[in-house]
Amino acid sequence: MQELLKRLIDLCKIKSLVTLTVIAVFAVLALRGAISPDIVMTIVTSVIAFYFGTQHEKKQ
């Protein structure tokens, strides 16, 4: 139970919120047809790679 609570707290950190917001904004723009899905895929992949890269560094 404490592990779940700790993960929820970590999820609420700024980096996590920014990452989720960027993904959501670009997904909505792609669904509305405002930008091409290829651009969304590139940006979201970059954001996710950066986020998980920094998370991995932090653990070591």
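Let me sum up the structure you'll find in this document. (Residues numbered from 1 in each chain as written. Predicted model: local features only at pLDDT ≥ 70, side-chain atom pairs only at ≥ 80, totals over all residues. Heavy atoms only, no water.)

### Details of the overall build of the chain
We apply this condition: Only DSSP runs of H or I covering at least 4 residues are called helices, and only runs of E covering at least 2 are called strands; the numbering of each starts at the N terminus. Exposure is judged per residue with a 1.4 Å probe applied to protein chains only, and the accessible area is read against the type maximum: over 50% gives exposed, under 20% gives buried, and values in between give partly exposed. With residues, only the protein chains shown are counted as cover, and all accessible areas are computed by Shrake-Rupley using a 1.4 Å probe.
Per the secondary structure count, the chain includes three helices and zero strands. Ordering the α and β elements of the chain from the N terminus gives α-α-α. In the chain, which comprises 60 residues, the proportion classed as buried is 10%. Element-wise, carbon and sulfur atoms account for 71% of the exposed surface of the chain, whose accessible area totals about 5,100 Å².

### Re helix 2 (residues 14-32)
Stated precisely, the cut-off is as follows: A helix's residues, less one, multiplied by 1.5 Å, set its expected span.
With 19 residues, helix 2 extends 27 Å between its outermost C-alpha atoms, agreeing within 8% with the 27 Å of an ideal straight helix rising 1.5 Å per residue. One or two residues past the end of helix 2 sits Gly-33, with phi positive at roughly 85°.

### A short note on a nonpolar patch on the surface
Note the following rule: Put simply, a patch holds well-exposed residues, over 30% relative accessible area, that have no salt bridge, with like charges counted together within 9 Å and Val, Leu, Ile, Met, Phe, Trp or Tyr side chains within 5 Å. Criterion for a salt bridge: a side-chain nitrogen of Lys or Arg within 4 Å of a carboxyl oxygen of Asp or Glu.
On the surface, Ile-14, Leu-17 and Val-18 cluster together into a nonpolar patch covering about 290 Å² of accessible area. In this structure, Ile-14 sits in helix 2. Using a relative accessible area of 63% as the deciding quantity, one classes Ile-14 as exposed.

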